Each structure stands twice: as C-alpha cells, then as structure tokens.
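Structural characterization, general
Next come the chains, spelled out residue by residue.
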Amino acid sequence: MVDALASEQHVYGGATPGTMTQFRQAEKEYQRSVKEIFKQRRDGKKRFDKVVEKRVDLSHVVDVDRLDSSVGSSSSTTTQWGHINQHGARGSIFLPDNARVYSFSRHPGFYIIRRAIPESLIGRMARDCFTSLVQPPGTTNFNKSHGVKLARVWEAAHDDDMNLVETQDTDCITEWSRNGTGPSAQHFLDNLRWASIGPVYDWTTRRYRVDDAYIPLPDYMAEFSKNIVSVVHALSPDCQQPFAFHPNAALINYYREGDKLCGHRDDAESDQTKPLVSCSLGCPAIFLMGGCDKSMCPTPILLRHGDVAVLSGQARVAYHGVPRIFPEVRKLSVLEDVSPEMEEPYPRDCLVGLEDHPDIKAYLENCRINVSIREVS
C-alpha cells in the first residue's frame, strides 16, 4: 500500500496520463546533459567557447547520510517520499560496525544498507570485476559485438600500446600484442559495459542460457549476499518463517560518465520470490526506485561506494534504473550552472577498501560498478 504522504511527493515535469510516464520524466530530469556555449566574434560570427553541464535539481534526491539519525539507532524520518525508517544494525555479525539499514514505506521489501560491504571485501570484489570475472568462458558485451573471447583486458590495458591480434576464429581466446592490428586493450576496457556471471543471461531474449559454459559465482559473493538477505529478512513481517536463498548468478554493470540504465524490471528469473542483492562500487549514482508500472513517481536515492540495495517482496518486481553517475564528483563545485544542493556527494578519499589497489581506485574515481546477485533456477 502506497504511503499517504505519496500525495505530497515531487511530480516530475508535470507529466500527465497519456504523455510521458513519471518514471521516464524522472530519468530525463536526472540524466547528464550538457550545452555548448558560443561567443560572438568581432566579425559577427559565433565561435565555440566551452561546454557546461545543464543545471539539475538534486534537492529531491534522498541522501540517507543527511537524515537525522545515528549509527546503530532505530528512527523514522518523514520525507516527501513517505517514511524512511532506519533500523538498528549495531552488533549484527553480518554488517560492518558503521553500516546502517534503511527501509522505505513507499516501497515494501526495498532496503538500502549504507556501507554494507566490508572494506576487506571491497578490493577483492572490485578487482575480480575487472579481471577473473571477465575471462572466458564468461560473457560480456563484447561477445556479440566482436565475436571473440576477450581475456586479460585489464592487464593488457595497463601494458602500454597493447592491441588485439585479430583472428577469424571466434573460438580462439584473444591475444594482445604491440603489433596487433585490432582495437587497443584500453578501448575495450573503456567500453566494457556488462558481464554475466553464473548461468549466462541473454540480453536479447532476456532469458538465461543454462546450458552454456560460464564462470561460477565466487563463493565469497554468494556468502556475502546470503548474509545480507538474512539481515533484511529479520526485519520483514514474516521473519519467523524460514527463508532459503541460494545465489548462483550475477550481472555486472559498468558505468562511465554519461551512461545510464533505463527503467526496467528484473523478471527473467523463474522464482520472483528470491531477492536481488545489488552492490555499488566506485562513483555515486542516482538510483530510481519505482512501482509495478512506470506511472508511479520513482523515489530518487543516492547510492555510494560500498552500499547495497536489496529488492525483495513487492520491490522485487518493481521498476528501477540508474539515470546517471557522478564521476570525479569533486569537480562539480567548479562547474558552471550546476545545482549547489549536492556539490559533494562524497569526498575524494572515500573509496575505502582500495588502499592496496591503487590502479583499481584510480579507475573507480571515474566509473561505477554494480554487481546484482541473484538466484537462477
């Protein structure tokens, strides 16, 4: 049941039935947009001067760090998006001491766990997303576009002037060479957008190809997601009932500046009662949490490095998306025409857990990784 305060929520662009949906309007409102500035020359002609980001109003975005609450406490904050409840998590054996758990009255079954990923796990997860989890027989966006099995992209990209050795054999694992005639390894790394772990997800048919070879979900990711589900299950109304969750797959999305993930529902899994555990690494992003269709105003939420979102119950089949990320957020304070409400979503040194991985840390200052872990029958 939608909270009564929903009537006071922000309405995006005044969308009306029969025109653009509220979800699509929200996507347009928050997505990155730039405009070119021209100056008049003495001869009357215009010349290009600079590019500035168009102003975006971030005052309606939920930032749980700005709620009036403290770590380990239980409280409820009334917002234009309904009640946001913080649940006491101090002492949980599954969460870091500084983690905080939030639920949203508008979205039953939806939880945000701030700083949920232990620092000891962050570096391993981030590095695996660029190395071991994007090796053959794993599937990435390059399998279809290039018809090759890419291996060691990260390593080759960090070895100067390495290019793909082109071959007509699509069953051949790639080789890299300074004499290669194909695209550079850096080109592939910059254009990496998704990887499928566990049973292969076919983005065209939106089905899992369970008979294809695949890289299994790492045990530590499965164990971590099961622990997260145990935490939120303890907060649910049916917490007395046993709940089995056996994660065996994940989709990894890689975002760079200007990238977005349009509103969608994760409905390819046969058992929709099993939750999604979505892990955020790197740059902060705006996450839109909607309802069963796109006519409902989505709640915009800021997700940061180390956060986890859980979609269970009604939220499991709700529309959600990511209209933008904030790479190098510190630069927002010097950009022209940028909303001042959220100039610093996170400080430069907040990419915790990556101190021993300076190459990964440098890369994640400009991109975001999302790992959504799930159970596939």
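Details of the structure are given in the entry above.
Here is a short report on the structure shown in this document. Here, residues in each chain are numbered from 1, in the same order as that chain's written sequence. Local features are withheld for residues below a pLDDT of 70 in this predicted model, meaning they are given only at 70 or higher, and side-chain atom pairs are given and counted only at 80 or more; totals for whole chains, interfaces and linings count all residues. With hydrogens and water excluded, all non-hydrogen atoms of the structure serve as input to the side-chain values.

1. Examining the overall build of the protein
We count a stretch as a helix when DSSP gives it H or I for four or more residues in a row; a strand needs E for two or more, and each element gets its number in order from the N terminus. Scanning the protein from terminus to terminus reveals 7 helices and 20 strands. When a residue's accessible area, from a 1.4 Å probe over protein chains only, is under 20% of the maximum for its type it is buried; when over 50% it is exposed; and in between it is partly exposed. When each of the 377 residues of the protein is scored for burial, the buried share is 51%. In this analysis, two residues are considered to be in contact whenever any of their non-hydrogen atoms come within 4.5 Å of each other. Taking the intrachain contacts of the protein between residues at least 6 apart in sequence as the baseline, contacts between residues at least 24 apart amount to 67%. Using a 1.4 Å probe, the Shrake-Rupley method yields the accessible areas, and only the shown protein chains count as cover for residues. Summed over all atoms, the accessible surface of the protein reaches about 17,500 Å², with 49% contributed by carbon and sulfur.

2. Considerations on the pattern of salt bridges
What counts as a salt bridge is simple: a side-chain nitrogen of Lys or Arg found within 4 Å of a carboxyl oxygen of Asp or Glu. Counting across every chain of the model gives 21 salt bridges. Across the pair Arg178 and Asp159 runs a salt bridge whose closest N-O atoms are separated by 2.7 Å. Of this pair, Arg178 sits in the loop between β9 (176–177) and α5 (185–190) while Asp159 is found in the loop between α4 (153–157) and β8 (163–164), placing the two residues 19 residues apart along the sequence. Given the relative accessible area of 33%, Asp159 is considered partly exposed. Among the ionic pairs, Glu269 bridges to Arg316, the shortest N-O distance being 2.9 Å. Residue Glu269 is found in the loop between β14 (261–264) and β15 (276–282), and its partner Arg316 is found in the loop between β18 (308–311) and β19 (320–325); the two are separated by 47 residues along the sequence. Owing to a relative accessible area of 3%, Glu269 belongs among the buried residues under this scheme. When salt bridges with common partners are traced through the structure, they connect Asp63, Asp65, Arg66, Arg100, Arg114, Arg115, Arg304 and Asp307 into a single cluster.

3. Description of the environment of Asp161
Tracing the chain through its elements places Asp161 in the loop between α4 and β8. The contact partners of Asp161, leaving out residues within four places of it in the chain, are Ser177 and Arg178.

4. Notes on the packing of helix α2 (residues 119–130) against helix α6 (residues 219–233)
Between N-to-C directions, angles span 0 to 180 degrees; the directions come from axes that are lines fitted to C-alpha atoms, helices contributing only their stretch in contact. Between α2 and α6, the shortest axis-to-axis distance is 11 Å and the interhelical angle comes to 125°. Here α6 runs oblique to α2, going by the angle between their axes. Seen along the crossing, α2 lies across α6 with a hand that is left-handed. Across the interface between the two elements, Leu121, Arg124, Met125 and Asp128 of α2 pack against Tyr220, Met221 and Phe224 of α6. Looking at the contact of α2 with α6 residue by residue, the classes come out as 5 nonpolar, no polar and 2 charged. In this scheme, roughly parallel covers angles under 35 degrees and roughly antiparallel covers those over 145, while 65 to 115 is roughly perpendicular and the rest are oblique. Here a crossing is called left-handed whenever its near helix is offset anticlockwise from the far helix by less than a right angle, and right-handed whenever the offset is clockwise. Three residue categories are used. Nonpolar comprises Ala, Val, Leu, Ile, Met, Phe, Trp, Tyr, Cys and Pro, charged comprises Asp, Glu, Lys and Arg, and polar comprises the others, including Gly.

5. As for the side chain of Asp128
With respect to the secondary-structure elements, Asp128 resides in helix α2. Here Asp128 occupies a buried position and makes no salt bridge, while the nearest side chain of opposite charge, Arg124, is found at 4.2 Å. Filtering out sequence-adjacent residues up to four positions away, Asp128 remains in contact with Leu133, Val134 and Tyr220. Think of it this way: Lys and Arg go in the positive column, Asp and Glu in the negative one, and His and the chain ends go nowhere.

6. Looking at unusual backbone geometry
Note that the residue after Pro136, namely Pro137, is joined by a cis bond; omega there is 5°. One non-glycine residue with positive phi stands out, namely Arg206, at about 60°. Its location among the elements puts Arg206 in the loop between β11 (200–202) and β12 (207–209).

7. Things to note about a nonpolar patch on the surface
Only residues whose relative accessible area exceeds 30% and that form no salt bridge enter a patch; like-charged residues are grouped when within 9 Å of one another, and nonpolar side chains (Val, Leu, Ile, Met, Phe, Trp, Tyr) when within 5 Å. Taken together, the side chains of Val34, Phe38, Phe48 and Val51 make up a nonpolar region of the molecular surface, amounting to roughly 340 Å² of accessible area. For the nonpolar patch, the secondary-structure elements that each account for two or more residues are β1 (34–40) and β2 (46–53). Within the secondary structure, Val34 is located in strand β1.

8. Considerations on the pairing of β19
Of all 6 residues in β19, 6 are buried; the element is thus mostly enclosed. Strand pairing requires that DSSP identify at least two bridges connecting the strands. Bridging between β14 and β19 involves 2 bridges; their strand directions are antiparallel. Opposite His264, over in β19, you have His320 as the bridge partner. The pairing of strand β16 (residues 285–289) with β19 spans 4 bridges and is classified as antiparallel. Residue pairing across strands places Ala285 opposite Ile325, the latter belonging to β19.

9. Overview of the sheet that holds strand β10 (residues 194–197)
Strand order in the open sheet formed by 10 strands is β3-β4-β5-β6-β18-β15-β20-β13-β10-β7, and the pairing between neighbours is antiparallel. Looking at the sheet topology across the chains shown, the edges are occupied by β3 (75–79) and β7 (139–140). The pairing of strand β4 (residues 82–87) with strand β5 (residues 100–104) spans 4 bridges and is antiparallel. Bridging from a neighbouring strand, Ile84 pairs with Phe104 of β5. Lying over the sheet, α2 contacts β13 (249–256), β15 and β20 (367–374), oriented at roughly 95° with respect to β20.

10. Considering α6
Helix length check: α6, at 15 residues, gives a terminal C-alpha distance of 21 Å against a target of 21 Å (1.5 Å per residue), a fit within 8%. Where burial is concerned, most of α6 is hidden: 11 out of the 15 residues are buried. All of the buried residues along α6 are Tyr220, Met221, Ala222, Phe224, Ser225, Asn227, Ile228, Val229, Val231, Val232 and His233. By this rule, a helix spans an expected 1.5 Å times one less than how many residues it contains.

11. Re the packing of aromatic side chains
Any pair of Phe, Tyr and Trp rings, taking the six-membered ring for Trp, is counted once the centres come within 6.5 Å. Such a pair is stacked with planes under 30 degrees apart, edge-to-face with planes over 60 apart, and tilted for the rest. A complete count under the given rule lists 9 aromatic pairs for this structure. In this structure an aromatic cluster arises from ring pairing among Phe130, Trp154, Tyr254 and Tyr363. One cation-aromatic arrangement involves Lys274 over Phe243; the distance from NZ or CZ to the ring centre is 5.2 Å. Only when the NZ of Lys or the CZ of Arg is both within 6 Å of the ring centre and within 35 degrees of the ring normal is a charge said to sit over the ring.

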